[in-house]
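Survey of secondary and tertiary structure
Chain by chain, the residues:
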Amino acid sequence: MGTTLITGAYGQVGQELIPILTRKFGMDRVVLADIVKAPEKFSKYSNHNLDVTDREKLEKLMSDHDVEYIFHLAAILSASGEKNPGKAFLTNAIGTHNILEAARELSVKRVMIPSTIGVFSRETPRRNVPVNTVMKPRTMYGITKVTGEMLGNYYFQKFGLDVRGLRFPGLISYTAPPGGGTTDYSVEMFHYAVRREKYSCYIARDTVLPMMYMPDAMGAMMALFDADLQRLRFHSDYNISAFSFSPAELEAAIRKRIPDFTVTYAPDYRQEIAEEWPETIDSSEAARDWGFRAEYSMDSMVDDMLLNLGGVRR
Ligand code: AKB
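Throughout this description, residue numbers start from 1 for each chain and increase along the sequence as written. Predicted model: local features are reported for residues with pLDDT of at least 70 only, side-chain atom pairs are reported and counted for 80 or more only, and whole-chain, interface and lining totals are derived from all residues. Side-chain calculation: all heavy atoms of the structure are included, whereas hydrogens and water are not.

1. Some thoughts on the side chain of Ser121
For the purposes of this entry, the term helix denotes a DSSP run of H or I that reaches at least four residues, the term strand denotes a run of E that reaches at least two, and both are numbered from the N terminus. Tracing the chain through its elements places Ser121 in the loop between β6 (115–116) and α5 (140–159). Burial classes follow relative accessibility: with a 1.4 Å probe on protein chains only, a residue under 20% of its type's maximum area counts as buried, one over 50% as exposed, and anything between as partly exposed. On the accessibility criterion, Ser121 (0% relative accessible area) is buried. Counted as a polar contact is a pair of N or O atoms within 3.5 Å, where, for protein atoms, one must be capable of donating a hydrogen and the other of accepting one, and residues adjacent in sequence contribute only when both atoms are in side chains. Among the polar contacts listed, one links the side chain of Ser121 to the backbone nitrogen of Lys136, at a separation of 3.0 Å. Leave out the neighbours within four places in its chain, and Ser121 touches Arg126, Val134, Met135, Lys136, Pro137, Arg138 and Glu276. Every residue pair with non-hydrogen atoms within 4.5 Å of one another is taken to be in contact.

Structure below.
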């Protein structure tokens, strides 16, 4: 039996996925790769330093470890991507092409490539966005993630490579911090609140964005991974959604539990990115094809975050 490779393994999503794949396949069948150093807690795994733009190193790693499945998480997110668009293009577009080419050559069984609400743009309907819609992203992140979706669909149609992906909204979690995204403010707000510190938010108070709690994101990723291929009417671009809120609504929800918490608003360059993205997403295709369903509401997410960050007991 082969192994499962996670690229970008030590990021916000990767650190959540590692224990899930370990329970599913066993530790000796999970291979971790990232451009950053492995955290101590993963020292017992097969850890590898990898820049996904290095195709030769990627292919060697994959053939040395007889990789059967890939979860390709390595990416530069929206805000970091605007600071260094060239690097974002190489990592997100060329990196994804490298993964798909290596997977095709080495007969990998399945490749999971998360996408994002960053593929949408101001031309996209604001509410209840369907899977197939107008996408003219203006960020390098969005441009490269649409490219990734289209490449995934291409590799499925042309080469029969089983590529699957879903569009993550902003992800809220407490295990590992997000890095370089526009929606990171939502996680930061919790950390400031439990430290009883005032938070200065870089997104305007009334900008509504789609969000999801990490357990639902992981449930969705694994449900799509396990889904029967015959039932999939889409491949790299399923919408998933849970709830939407503005920074002011999150502030109010936290203040209900931590009454002295306060936020000030000082929108910066990330506001422009947020304004490109829709408010709500239609996830009915994912529900129909592979049973997607989010368990957490905004309220139960806030309770659980505060409980786990040690700030407030229910
Ligand atoms: C970001 O803000 O860049 C990400 C995303 C929505 O894909 N969290």
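Next comes the rest of the description.
2. Some details on the nonpolar core
Joining through side-chain atoms within 4.5 Å is the link that ties buried Ala, Val, Leu, Ile, Met, Phe, Trp, Tyr and Cys residues into a set, and such a set is a nonpolar core. Counting residues in hydrophobic clusters, the biggest one holds 37 residues, and the most contacted among them are Ile6, Met221 and Trp290. Among the secondary structure elements, those contributing two or more residues to this core are α1 (14–25), β2 (30–34), β4 (67–72), β8 (166–168), α7 (214–226) and α10 (284–290). Looking at this core element by element, the count peaks at eight residues for α7. Once residues lying within four places of it in the same chain are set aside, the contact partners of Trp290 are Leu166, Ala220, Ala223, Leu224, Ala227, Leu232, Tyr238 and Ile240. The next biggest cluster of nonpolar side chains, apart from the first, holds 36 residues, and it includes Val119, Ile273, Trp277 and Met301.

3. As for the site of the ligand
Contacts to the ligand come from Leu77, Ser78, Thr116, Ile117, Tyr141, Gly181, Thr182, Thr183 and Trp277. In this structure, Tyr141 approaches the ligand through a side-chain N or O atom, which is 2.7 Å from an oxygen atom. Here a nitrogen atom of the ligand and a side-chain polar atom of Thr183 are 2.9 Å apart. A total of 250 Å² of accessible area belongs to the ligand in isolation, and the protein chains cover 93% of it. Tallied by class, the residues present in the shell around the ligand amount to four nonpolar, five polar and no charged. Taken domain by domain, the makeup of the shell around the ligand includes at least three residues from each of domain 1 (3–169 + 213–239) and domain 2 (170–211 + 242–278 + 296–308). If even one non-hydrogen atom of a residue comes within 4 Å of a molecule or strand, that residue is called near it. Reported accessibility uses the Shrake-Rupley method at a 1.4 Å probe radius. Residues are deemed covered only where the shown protein chains occlude them. Nonpolar residues are Ala, Val, Leu, Ile, Met, Phe, Trp, Tyr, Cys and Pro. Charged residues are Asp, Glu, Lys and Arg, and all others, Gly as well, are polar. Domain delimitation in this document rests on an assignment produced automatically or drawn from a domain database.

4. Brief notes about the environment of Pro125
Inspection of the secondary structure puts Pro125 in the loop between β6 and α5. Separated by ten residues in the primary sequence, Pro125 and Met135 have C-alpha atoms spaced 9.9 Å apart. Pro125 has contacts with Thr133 and Pro278, leaving out every residue within four places of it along the chain.

5. Remarks on the sheet that holds β6
Strands were regarded as paired on the criterion that DSSP finds at least two bridges between them. As summarised here, the arrangement of the three strands in space is β6-β8-β12, forming an open sheet in which the pairing is parallel. Each edge of the sheet is formed by a strand with only one pairing partner; in this case those strands are β6 and β12 (238–239). All axes here are fitted lines through C-alpha atoms, helices being fitted over the stretch that makes contact, and every angle between N-to-C directions spans 0 to 180 degrees. On the sheet, α7 packs against β8 and β12 and is oriented at approximately 170° with respect to β8.

6. A word on the pattern of salt bridges
For side chains of opposite charge, pairing can occur when their charged atoms come near one another. By convention in these notes, a salt bridge is any Lys or Arg side-chain nitrogen within 4 Å of a carboxyl oxygen on Asp or Glu. Using the criterion set out here, one finds 23 salt bridges in the structure. Residues Asp289 and Arg233 are paired through a salt bridge, measuring 2.8 Å at the closest nitrogen-oxygen approach. A residue pair is termed long-range when its members are at least 10 positions apart, and Asp289 in helix α10 and Arg233 in the loop between α7 and β12 qualify at 56 residues. Taken together, the shared-partner salt bridges in this structure form one network comprising Arg55, Glu59, Glu101, Arg104 and Glu105.

7. Structural notes on the domain arrangement of the protein chain
It is common to give the size of an interface as the accessible area that goes away when the parts come together. Split into domains, the protein chain comes out as domain 1 (3–169 + 213–239) and domain 2 (170–211 + 242–278 + 296–308). At the junction of the two partners, domain 1 supplies 29 residues and domain 2 supplies 29 residues. Our enumeration of links across domain 1 and domain 2 arrives at two salt bridges. Of the charged contacts in the structure, one is a salt bridge between Arg138 and Glu276, with a shortest N-O distance of 3.0 Å. At the surface where domain 1 touches domain 2, the tally comes to 17 residue pairs in polar contact (both at pLDDT 80 or more). Elements supplying a minimum of two residues to the side of domain 1 that touches domain 2: α1, α3 (78–83) and α7.

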